[in-house]
Amino acid sequence: MKSTNPLDPDHYHRVVDCQWGCPAHTDVPKYIRQIAQGDFTAAYLENRKSNVFPGVLGRVCDRPCEPACRRGRLDESPVAICRLKRVAADLSDDIRDKLPPKGPANGKRIACVGAGCASLTVANDLLPLGYDITIFEKHDKPGGLMRTNIPSFRLPEEVLDNEIDLIVERGVDLRLNSPIDSMQTLLDEGYDAVFVGTGAPRGKDLNLPGRHDTDRIHIGIDWLESVAFDHIDTIGENVLIIGVGNTAMDCCRSSLRLGGKNVSVIARKPRGWFKASDWELEDAEEENVDILINHSPKAFIVEDGVLKGMTFDKLHYDISDTGELSRPEVIEEIFLPCDDVILAIGQENSFPWIERDLGMSFDEWDTPTVDKVTHAAEIPGVFFGGDSAFGPKNIIWAVEHGHQAAISIHKHCSGEDVSDRPPTAMNLLSTKMGIHEWSYSNDFDDAERRQMQHVELTQRFKDIRIEVELGFDAEQTAREVERCLNCDVQTVFAESLCIECDACMDVCPVYCLTITEDAEEDVLRQQLRAPADNKEQVLYVSGALPQTGKVMVKDENLCIHCGLCAERCPTGAWDMRKSQLLVPYANDEAAEARKKTA
């Protein structure tokens, strides 16, 4: 098997599963150690380098890092990465004086359409480079879907406002109540680049019999927006939510706070096929929301303009040995009474304001053709990001899109090829402080994941603005940070120093090290002391060892980064080094360009 190149950032990056899983590549282990040291401001700033909205994402992120967390493969409960992010945000000092100010004007003007997370990220990255940023927002408050679609009991308004202000007050020309009605008109205003970050603002409808015979059937994202702006403050006692994604969870929980007594979520498939995050489902069920599976909507029953309920086909599915659903079989028709129905069956892009004769093609979903790397549209100088680019995802994806679009915008305005992307680099920094001392806590802690504190059920429905989650207290934080396995502290091996004494293998508590004959990967994986069947996880394979020509193999999936191999090795062949991924941003690209012209 080809030996591993320890200088390749991708190898060690893949070992840091949480950072590898995060679209924005936040250095999770680093900020968790900063929290452990009580330096909450440093932890917040480390977060903000990549995700821009730590206070927001510490509450409502979809957490792609947590299913990837190696701790989850040890005891089924990943580190509470998202909630530790909130700890850093809640306890950080004011960081305004630590953010780069707007740079000297470079004469370039950028227009951003929509004041959501993607546009705000673009502004955050380009302000230090001296760009004049104008953001056009149709509502009277910025934030996009972060404000209109996430209820305040999950994301308090003051948290969102503060993190938006950290960007806007550095020099953004924010124009509220300013919808863009024509792309051509915007282009005619002479901006050097245009970024579109309008989200996916159109909710899908359900055109069944009776749909247009009453005003008590609501589109989920429109209804949440009306709630957010206080246009709706009541709902009927009996509510049906059609759909079982995260928007549906926000709709059902909001309904309970506006007068709903019997709130049910209707799913067409079994639970294993739900789109909502597990924790969103748990929070809804804790509040006594009923989730009904295998119900296919059939008709709205309306009498004299009054909604009486809905009929459904109750379905049966068989699940194959490979986990696939059979075609549904209708068992019976049932009727469920209700006063209101909220449709949360998906979101779509909506671009009525982009003229179709500008040279931009649209796909079958009426979405513009956008390059997935550069975020460039087919019109030079026009870029897309967030849900408006590739359909509904989540905030952290939109932030990463904003980072990449900012690099492209800077290259475009500098006359460079936007497809020439800056490389990702890596540092390996020693953590050695003594013979048996490291600059990180390397003892394995068998503590279980801490449970988030919540407001009592009897209190949380009194006001829709009461935040349900209370955050970790000091004791919970202290225990949870110790659950992190420090996957960014890598076991770096120097085969030239190895004398094949087997001391490292003897001391390894998880049998992740093996000295063996080299072979093709499938064979090599079976030769290990603990056969490595999980091919999604990488192996570290050394070059030929000087004594026998065999190779040292480490199963990166099993390693808990305890450092015992490095402590035990008599020749220093093993070392523990912090791998620091150097993710490029627009500011770094500008600095590199300045070096080339110096």
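About the thresholds
- Residues numbered from 1 in each chain as written.
- Predicted model: local features only at pLDDT ≥ 70, side-chain atom pairs only at ≥ 80, totals over all residues.
- Heavy atoms only, no water.
- Helix = DSSP H or I, 4+ residues; strand = E, 2+ residues; numbered from the N terminus.
- Buried < 20%, exposed > 50% of the residue type's maximum accessible area, 1.4 Å probe, protein only.
- Contact = heavy atoms within 4.5 Å.
- Areas by Shrake-Rupley, 256 points an atom, 1.4 Å probe, with all protein chains shown as cover.
- Lys, Arg positive; Asp, Glu negative; His and termini not counted.
- Charge placed at Lys NZ, Arg CZ, Asp CG, Glu CD.
- Domains from an automatic or database assignment.
- Buried area = accessible area lost by both parts, 1.4 Å probe.
- Salt bridge = Lys/Arg side-chain N within 4 Å of Asp/Glu carboxyl O.
- Polar contact = N/O pair within 3.5 Å; in protein donor to acceptor, adjacent residues only side chain to side chain.
- Pairing = 2+ DSSP bridges.
- Phe/Tyr/Trp six-rings, centres within 6.5 Å; stacked < 30°, edge-to-face > 60°.
- Lys NZ or Arg CZ within 6 Å of the ring centre and 35° of its normal.
- Expected span 1.5 Å × (residues − 1).
- Axes fitted to C-alpha atoms, helices over the stretch in contact; angles between N-to-C directions.
- Parallel < 35°, antiparallel > 145°, perpendicular 65-115°, else oblique.
- Left-handed = near helix turned anticlockwise from the far one by under 90°.
- Nonpolar A, V, L, I, M, F, W, Y, C, P; charged D, E, K, R; others polar.

**Quick notes on the overall build of the protein**
In step 1: The helix and strand inventory of the protein stands at 23 helices and 25 strands.
In step 2: Counting only residues that meet the buried cut, the protein has 55% of its 598 residues in that class.
In step 3: Sequence separation of 24 or more characterises 71% of the internal contacts of the protein that already satisfy a separation of 6 or more.
In step 4: Summed over all atoms, the accessible surface of the protein reaches about 26,300 Å², with 47% contributed by carbon and sulfur.
In step 5: Taking the average place of the 64 positive charges on the side chains of the protein and the average place of its 102 negative ones, the gap between the two points comes to 2 Å.

**A word on the domain arrangement of the protein**
How big an interface is tends to be expressed through the accessible area that disappears when the partners come together.
In step 1: What the domain assignment reports for the protein is domain 1 (9-97 + 445-483), domain 2 (99-201 + 349-413), domain 3 (203-347) and domain 4 (489-582).
In step 2: The straight-line distance from the C-alpha centre of domain 1 to that of domain 2 is 27 Å.
In step 3: Contacts between the two partners involve 28 residues from domain 1, matched on the other side by 28 residues from domain 2.
In step 4: The contact between domain 1 and domain 2 buries some 2,400 Å² in all, and 64% of this surface belongs to carbon and sulfur atoms.
In step 5: Across the contact surface, domain 1 and domain 2 share one salt bridge.
In step 6: In this structure, E169 and R96 form a salt bridge, with 2.4 Å as the shortest nitrogen-oxygen distance.
In step 7: For the pair domain 1 and domain 2, the interface holds 12 residue pairs in polar contact (both at pLDDT 80 or more).
In step 8: Elements with a contribution of two residues or more to the side of domain 1 that touches domain 2: α4 (40-51) and α5 (54-60).

**Regarding the pairing of strand β22 (residues 513-516)**
In step 1: The side-chain alternation of β22 yields two buried faces, one formed by L513 and I515 and the other by T514 and T516.
In step 2: Here β22 pairs with strand β24 (residues 551-555) via four bridges, running antiparallel. By the bridge assignment for β24, I515 is matched with M552.

**Remarks on the side chain of E137**
In step 1: For E137, the location among the structural elements is in the loop between β2 (132-136) and α10 (145-148).
In step 2: Only 2.8 Å separates the side chain of E137 from the backbone nitrogen of A115, close enough to count as a polar contact.
In step 3: Discounting chain neighbours no more than four positions away, the residues touching E137 are G114, A115, P142, R175, L176, N177, S178 and P179.

**What about the packing of aromatic side chains?**
The geometry of an aromatic ring pair is captured by two quantities: the separation of the ring centres and the angle between the planes.
In step 1: Tallied over the entire structure, the rule returns four aromatic pairs.
In step 2: Ring geometry for F136 against Y191: centres 6.4 Å apart, planes inclined by 90 degrees, an arrangement best described as edge-to-face. With F136 in strand β2 and Y191 in the loop between α12 (183-188) and β4 (193-196), this residue pair connects regions lying 55 residues apart in the sequence. Taken individually, F136 and Y191 each receive the classification buried, so the pair is uniform in this respect.
In step 3: Each ring, one from F493 and one from W574, has its centre 4.5 Å from the other, and the planes form 45 degrees; the classification is tilted. Of this pair, F493 sits in strand β21 (residues 489-493) while W574 is found in strand β25 (residues 574-582), placing the two residues 81 residues apart along the sequence. With respect to burial, F493 and W574 carry one shared label: buried.
In step 4: Ring-pair connections join several aromatic residues into one group, and the members of that group are F351, W353 and F384.
In step 5: Cation over ring: R257 sits above F153, and NZ or CZ is 3.9 Å from the ring centre.

**Here's the deal with the pattern of salt bridges**
In step 1: For the coordinates displayed, the defined rule picks out 43 salt bridges.
In step 2: Note that R59 is salt-bridged to E467, the shortest N-O span being 2.7 Å. Of this pair, R59 sits in helix α5 while E467 sits in the loop between α18 (457-460) and β20 (469-471), placing them 408 residues apart in sequence.
In step 3: Among the salt bridges present, the one from K141 reaches E157, with a minimum N-O distance of 2.8 Å. Taken as a pair, K141 in the loop between β2 and α10 and E157 in helix α11 (residues 157-168) lie far apart in primary sequence, 16 residues in all.
In step 4: With relative accessibility at 33%, the residue K141 sits in the partly exposed group.
In step 5: In the salt-bridge network here, residues are joined through shared partners; they are R253, R257, D283, E286, E287 and R460.

**Thoughts on unusual backbone geometry**
In step 1: We note that D230 has phi near 60 degrees; this positive angle belongs to a residue other than glycine.
In step 2: Mapped onto the secondary structure, D230 falls in the loop between α13 (220-228) and β7 (238-242).
In step 3: The backbone of H561 shows a phi angle near 55 degrees, a positive value even though the residue is not glycine.
In step 4: Looking at the element boundaries, H561 is found in the loop between β24 and α22 (564-568).
In step 5: For H561, a relative accessible area of 1% corresponds to the buried category.

**Some details on α11**
In step 1: With 12 residues, α11 extends 16 Å between its outermost C-alpha atoms, agreeing within 8% with the 16 Å of an ideal straight helix rising 1.5 Å per residue.
In step 2: Looking only at α11, the buried set comprises V159, L160, E163, I164, L166, I167 and V168.
In step 3: In this structure, the buried side of α11 is in contact with α4, α5, α9 (117-126), α10 and β3 (173-175).

**Thoughts on the packing of helix α3 (residues 28-36) against helix α8 (residues 81-91)**
In step 1: Where α3 contacts α8, the axes come no closer than 10 Å and their chain directions differ by 50 degrees. The angle between α3 and α8 places the two elements in the oblique class. Of the two possible hands of crossing, α3 and α8 adopt the one that is left-handed. Facing V28, Y31, I32 and I35 of α3, the residues of α8 in contact are I81, L84, K85, V87 and A88.

**Here we look at the packing of α3 against α4**
In step 1: Between α3 and α4, the shortest axis-to-axis distance is 7 Å and the interhelical angle comes to 165 degrees. It follows that α3 is roughly antiparallel to α4 by the angle criterion. With respect to the hand of their crossing, α3 and α4 are arranged in left-handed fashion. Contacts between α3 and α4 pair K30, Y31, Q34 and I35 from the former with F40, A42, A43, E46, N47 and K49 from the latter.
In step 2: Looking at the contact of α3 with α4 residue by residue, the class counts come to five nonpolar, two polar and three charged.

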